[in-house]
Amino acid sequence: MNEAPLRLGTRGSKLAMAQSGHVAEALTARTGRPVELVEVVTAGDRSNAPVHRLGVGVFVSALRDALVAGTIDFAVHSYKDLPTATAAGLHIAAVPPRQDPRDALVARDGRTLAELDPGAVVGTGALRRIAQLHALGMPLSVTPIRGNIDTRLARVLGPEADLDAVVLARAGLARIDRADAVTETLDPMLMLPAPAQGALAVECRADDTDLVELLATLDHAPSRAAVTAERAMLATLEAGCSAPVAAYAVVAEGEPTGSGVEGDVVEEIYLRGAVISPDGTREIRLSRTGTPADAAEIGKALAAELLDLGADSILGPQGHDGPGTQQFGSTE
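Nothing here was measured: the structure is a model prediction, and the numbers come from that model.

1. Brief notes about the overall build of the protein
Consideration 1: The number of helices and strands found in the protein is 10 helices and 13 strands.
Consideration 2: Burial statistics for the protein: of 332 residues in total, 50% are counted as buried.
Consideration 3: Sequence separation of at least 24 residues holds for 72% of the intrachain contacts in the protein that already meet a minimum separation of 6.
Consideration 4: Summed over all atoms, the accessible surface of the protein reaches about 14,300 Å², with 50% contributed by carbon and sulfur.

2. Topic: the pattern of salt bridges
Consideration 1: The tally for this structure, following the rule as stated, stands at 18 salt bridges.
Consideration 2: As a salt-bridge pair, K14 and D150 come within 3.2 Å of each other at their nearest N and O atoms. With K14 in helix α1 (residues 14-31) and D150 in helix α5 (residues 149-157), this residue pair connects regions lying 136 residues apart in the sequence.
Consideration 3: We classify K14 as partly exposed; its relative accessible area is 49%.
Consideration 4: Judged by its relative accessible area of 31%, D150 falls in the partly exposed class.

3. So, the sheet that holds strand β8 (residues 165-169)
Consideration 1: With mixed pairing, the 5 strands of this open sheet are ordered in space as β7-β6-β8-β5-β9. Only two strands of the sheet have a single neighbouring strand rather than two, namely β7 (141-144) and β9 (184-185).
Consideration 2: Summarising the sheet, strand β6 (residues 121-124) and β7 pair through 4 bridges and their orientation is parallel. Note on β7: the bridge partner recorded for G123 is T143.
Consideration 3: Strands β5 (103-107) and β8 of the sheet are contacted by α5, whose axis makes an angle of about 155° with β8.

4. With respect to helix α3 (residues 61-69)
Consideration 1: Taken residue by residue, α3 has A62, L63, R64, A66 and L67 as its buried positions.
Consideration 2: Contacts from the buried residues of α3 go to β1 (6-10), β3 (74-78), β4 (90-94) and β10 (200-205).
Consideration 3: Immediately beyond the C-terminal end of α3, within one or two residues, lies G70, with a positive phi of roughly 85°.

5. Side note on the confidence of the model for the protein
Consideration 1: Looking at the protein as a whole, the pLDDT averages 88, with 84% of positions reaching at least 70.
Consideration 2: Taken together, the stretch residues 44-56 has pLDDT below 50 and engages in 26 contacts with residues farther than four places along the chain or on a different chain.
Consideration 3: Low pLDDT, under 50, characterises residues 318-331; the stretch is placed with 59 contacts to residues that sit more than four places away or in other chains.

6. Considerations on the nonpolar core
Consideration 1: Counting 21 residues, the largest nonpolar core has M233, L237, V245, I269, L271, V275 and L306 as the members making the most contacts within it.
Consideration 2: At the level of secondary structure, the elements contributing two or more residues to this core comprise α8 (221-237), β11 (245-256), β12 (265-276), α9 (295-308) and α10 (311-315).
Consideration 3: Looking at which element gives the most residues to this core, the answer is α8, with 6 residues.
Consideration 4: For L271, the residues in contact, after removing those within four places along its chain, are A229, E230, A247, Y248, A249, L286, S287, R288, I298, G299 and L302.
Consideration 5: V23, V35, V76 and L200 belong to the second-largest nonpolar core, a separate cluster that totals 17 residues.

7. A look at the pairing of β3
Consideration 1: Within β3, 5 of the 5 residues are buried, which leaves the element mostly enclosed by the surrounding structure.
Consideration 2: Of the two faces of β3, the one lined by F74, V76 and S78 and the one lined by A75 and H77 are each fully buried.
Consideration 3: Note: β1 against β3, 2 bridges, orientation parallel. Of the residues in β3, the one forming a bridge with G9 is A75.

8. Here's the deal with the sheet that holds strand β2 (residues 35-39)
Consideration 1: The strand order β2-β1-β3-β10-β4 describes an open sheet built from 5 strands, whose pairing is mixed. The open sheet is flanked by β2 and β4, the only strands paired with a single partner. Sheet twist, expressed as the mean angle between neighbouring strand axes with direction ignored, is 35°.
Consideration 2: Packed on one face of the sheet, α3 meets β1, β3, β4 and β10 and runs near 165° to β3.

9. Quick notes on the pairing of β8
Within a regular beta strand, the side chains point alternately toward one face of the sheet and then the other, so they alternate between its two faces.
Consideration 1: Burial within β8 is extensive, with 5 of its 5 residues counted as buried.
Consideration 2: Residue alternation in β8 divides its side chains into two sets, A165, V167 and A169 and V166 and L168, and both sets are buried.
Consideration 3: Bridge count for β5 against β8 is 5 bridges, and the pairing is antiparallel. Each bridged residue has a counterpart across the sheet, and for A104 the counterpart in β8 is L168.
Consideration 4: Strand direction decides the pairing type here: β6 and β8, joined by 2 bridges, are parallel. Within β8, the position partnered with G123 by the bridge is V166.

10. Some thoughts on α1
Consideration 1: In this model α1 runs 26 Å from its N-terminal to its C-terminal C-alpha over 18 residues, within 8% of the 26 Å that 1.5 Å per residue would give.
Consideration 2: The set of residues buried in α1 consists of L15, A16, A18, Q19, S20, G21, V23, A24 and L27.

What counts, and where the lines are drawn
- Residues numbered from 1 in each chain as written.
- Predicted model: local features only at pLDDT ≥ 70, side-chain atom pairs only at ≥ 80, totals over all residues.
- Heavy atoms only, no water.
- Helix = DSSP H or I, 4+ residues; strand = E, 2+ residues; numbered from the N terminus.
- Buried < 20%, exposed > 50% of the residue type's maximum accessible area, 1.4 Å probe, protein only.
- Contact = heavy atoms within 4.5 Å.
- Areas by Shrake-Rupley, 256 points an atom, 1.4 Å probe, with all protein chains shown as cover.
- Salt bridge = Lys/Arg side-chain N within 4 Å of Asp/Glu carboxyl O.
- Pairing = 2+ DSSP bridges.
- Axes fitted to C-alpha atoms, helices over the stretch in contact; angles between N-to-C directions.
- pLDDT = per-residue confidence, 0-100.
- Core = buried A, V, L, I, M, F, W, Y, C linked by side-chain atoms within 4.5 Å.
- Expected span 1.5 Å × (residues − 1).

Here you go:
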């Protein structure tokens, strides 16, 4: 007897459907289980308000409600949309291989950031990007924007373009086959990504043990470790949606262990973190290394160092929403 398709809940945007489609195809390829996409409309999809004003979990709560209600079997989120607090009764069963987490510039006439004219108008939906653009000290006019990827690209490349450039996540552009529009992939030294940018979270009910095991076949350990470190830093900072916080972790092979066994090396995780004032005049940037097994502790320790150096004064009272309430909006 044929098994019923698994119901994968997803937002209806072009990017969300593409992400969910990739996960569905990968799961079917690995397990043979058929998957059908079920569109779920979230509060964030119904609003035109700036992302940072919409509230915590605005792109997530409807999907999680559907999971709890049993109308879908699992969901795919842009991991950076998830509040850092765990959701009761739910489980992140897989973090698939992460896409390139860097930010990307799309500019008129194929220009790079350094080639933009003085006074050029650059649009982005993320306070983190706005803050870092200001911190570069370039003579640019930075403006907040909202809309899906195609809408944002049209404001630079369309017939009624009103911006000189936009900054988006490269991962989102790649997932909808628009990476060709990128005029410059921004070095993390200039533009440190958002915590978990480019990563997906595959979530299901914790008590559905068979599905937990099935979805685990999609998990990519280095991607999970990197995201764990970044989000542990974010959670420890207790940074709210109005706080420009950035983090980027890389997992790579470290030095040989000295055991004498050929190829016997220890993996190492390298985490960079930053807190930047919205106007870009103040920033603290630090890094820390360790092993992937200690990813969460590395993130917590880096956050503690940032706080010791005054990150609290940059975040300010509005930058603290309390533990687990971080929400940076869907700006892939």
